[in-house]
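If you want the building blocks of each chain, they are given just below.
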Amino acid sequence: MAAASSERPQYAGFGPRLLALFIDGLLFIPSFFLQRITFDQTGAITVTILLGLFAPLYNILFLGYGGQTVGMMVTRIKVVRLDLSAARWSNATMRYLVN
């Protein structure tokens, strides 16, 4: 949804944000099962490291590319800059670091 320059953004409330976070969390459930079926310690450590890298990359790539994660797309929340332009990669990275 493109907002006209005269329009003020409508801020998402707590409920939609929580629902978006819940939906994003559901995407990581298969990764926990993958971690459980790994039988040796080296495999478990490798999967844990990969999952640790996937979560930040998921948020940064989705927010940097389109301003929305999958959960945000479902709840129609979009991250924009104060001037209502699209969020940059640096904004997405900083947003992840401070969360």
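Please refer to the structure higher up on the page.
Q: Please set out the packing of aromatic side chains residue by residue, giving values where relevant.
A: Taken as a whole, this structure holds 4 aromatic pairs when the rule is applied. Geometrically, the ring pair formed by Phe28 and Phe54 is edge-to-face, given 5.3 Å between the ring centres and 65° between the ring planes. One end of the pair, Phe28, is in the loop between helix H1 (14-26) and helix H2 (29-37); the other, Phe54, is in helix H3 (residues 41-66), and 26 residues separate them in sequence. Using a relative accessible area of 16% as the deciding quantity, one classes Phe28 as buried. Both rings, one in Phe28 and one in Tyr58, keep their centres 5.7 Å apart while their planes meet at 85°; by these two values the pair is edge-to-face. Of this pair, Phe28 sits in the loop between H1 and H2 while Tyr58 sits in helix H3; the two residues are 30 residues apart in sequence, bridging distant segments of the chain.

Conventions and cut-offs
- Residues numbered from 1 in each chain as written.
- Predicted model: local features only at pLDDT ≥ 70, side-chain atom pairs only at ≥ 80, totals over all residues.
- Heavy atoms only, no water.
- Phe/Tyr/Trp six-rings, centres within 6.5 Å; stacked < 30°, edge-to-face > 60°.
- Helix = DSSP H or I, 4+ residues; strand = E, 2+ residues; numbered from the N terminus.
- Buried < 20%, exposed > 50% of the residue type's maximum accessible area, 1.4 Å probe, protein only.

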